[in-house]
Amino acid sequence: MVGYDPEASCVSSAEAAAAGSASGLVTRVLISPLDVIKIRFQLQIEQLSSRNPGAKYHGILQAVQRIFREEGLLAFWKGHVPAQFLSVGYGAVQFMAFESLTRLVHNVTSYDARGSLVHFVCGGLAACTATVAVQPVDTLRTRFAAQGEPKVYRSLRQAVVTMCQTEGPRTFYRGLTPTIIAVFPNAGLQFSFYNILQRFSEWAIPAEGKKRGSVRNLLCGSCAGIISKTLTYPFDVFKKRLQVGGFEQARAAFGQVRVYRGLLDCVRQMLREEGPAGFFKGLSPSLLKAAASTGLVFFWYELFCGLLCALKSTDSAARKEG
């Protein structure tokens, strides 16, 4: 169902956008706590270890307990409103672009639109398109998730106005370069590995019911998310560090802060002060999030596409009878 299939296509680009939006919305509600923890880990300068007295966060369980104790349960959904805008917008643009690109490949080239290489290229291009479209919302989401108490931003509107007045409109695109560099292979690998794993599972377990198919979609998506995230993770860390530039006062309660002049300066400072391991800070919650979010996104997308196809079939049958 993911991507254009000339033998079984029943989803238009607009319907793909609707299914992508819905899958992003549902998934975001479920994985927001992991996202908050991941961002806190990525932005911490100190080593993520209980042996470091200056480190605020040491591990996932300790971070959960500390955030809950200091900020309350709702802290795990900090920045949820801009995050939902991000997920809904990203899901709509990504899946609409992916369906359109794979259809274009089928119509104007000799390549198989269902091939893994085509899914890699089209998935990467679709994700880059979606990233540029929602980058300002991603920056807002990161700042809301990163701020401690007392809050610098009390509302989405206040955050937008304050950032425009104090830092200028370009601040909404902080971290775009590492994001684009990382998002193409990350999304490309997600779509291609999802395709590969789906084909392998169909070969290994050819007979299946609807329930098994849904579980298979979830598992294939989770595995694809883990593989792609591991291979491209450092760029996600660089992006988060750059996105909170100019926001240092809100980070004071979390430990040391740094000012980066750009992507290369960020890489140099992190390598010098934190070592290569710094590039993988927050990897554990990020992999949990990648497994959950990618699996759920593909699961819900396939489910919503199936519902749309069923509704169209029912409507078509009713018109024929009428």
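Further up the page is the structure itself.
So, a few notes on the structure that sits alongside this text.

Analysis parameters
- Residues numbered from 1 in each chain as written.
- Predicted model: local features only at pLDDT ≥ 70, side-chain atom pairs only at ≥ 80, totals over all residues.
- Heavy atoms only, no water.
- Axes fitted to C-alpha atoms, helices over the stretch in contact; angles between N-to-C directions.
- Helix = DSSP H or I, 4+ residues; strand = E, 2+ residues; numbered from the N terminus.
- Parallel < 35°, antiparallel > 145°, perpendicular 65-115°, else oblique.
- Left-handed = near helix turned anticlockwise from the far one by under 90°.
- Nonpolar A, V, L, I, M, F, W, Y, C, P; charged D, E, K, R; others polar.
- Expected span 1.5 Å × (residues − 1).
- Bend = angle between axes of the 7 residues up to and from the residue.
- Phe/Tyr/Trp six-rings, centres within 6.5 Å; stacked < 30°, edge-to-face > 60°.
- Buried < 20%, exposed > 50% of the residue type's maximum accessible area, 1.4 Å probe, protein only.

## A look at the packing of helix H4 (residues 116–146) against helix H6 (residues 176–204)
One can describe the packing of H4 onto H6 by two numbers: an axis separation of 7 Å at closest approach and a directional angle of 140°. Here H4 is positioned oblique relative to H6, judged by the angle of their axes. Regarding H4 and H6, the two cross each other, and that crossing is right-handed. Among the residues making up the contact of H4 with H6, the classes are represented as 15 nonpolar, 10 polar and no charged.

## Quick look at H6
Side chains of residues three or four places apart in an α-helix project in the same direction, reflecting 3.6 residues per turn. With 29 residues, H6 extends 41 Å between its outermost C-alpha atoms, agreeing within 8% with the 42 Å of an ideal straight helix rising 1.5 Å per residue. The sharpest bend along H6 measures roughly 30° and falls at Val-183, with the proline Pro-185 sitting one to four residues further on.

## Focus on the packing of aromatic side chains
According to the stated counting rule, one finds 13 aromatic pairs in the structure shown. Taking 6.3 Å as the distance between ring centres and 90° as the angle between the ring planes, the aromatic pair formed by Phe-95 and Phe-298 counts as edge-to-face. Of this pair, Phe-95 sits in helix H3 (residues 80–108) while Phe-298 sits in helix H9 (residues 283–321), placing them 203 residues apart in sequence. Considered together, Phe-95 and Phe-298 belong to a single accessibility category, that of buried residues. Where Phe-95 meets Tyr-301, the ring centres are 3.9 Å apart and the plane angle is 15°; that geometry is what we call stacked. A residue pair is termed long-range when its members are at least 10 positions apart, and Phe-95 in helix H3 and Tyr-301 in helix H9 qualify at 206 residues. Both residues of the pair, Phe-95 and Tyr-301, count as buried. Members of the aromatic cluster, joined through ring pairs, are Phe-95, Phe-98, Phe-191, Tyr-194, Phe-298 and Tyr-301.

Function cannot be read off these values alone, since they describe shape.
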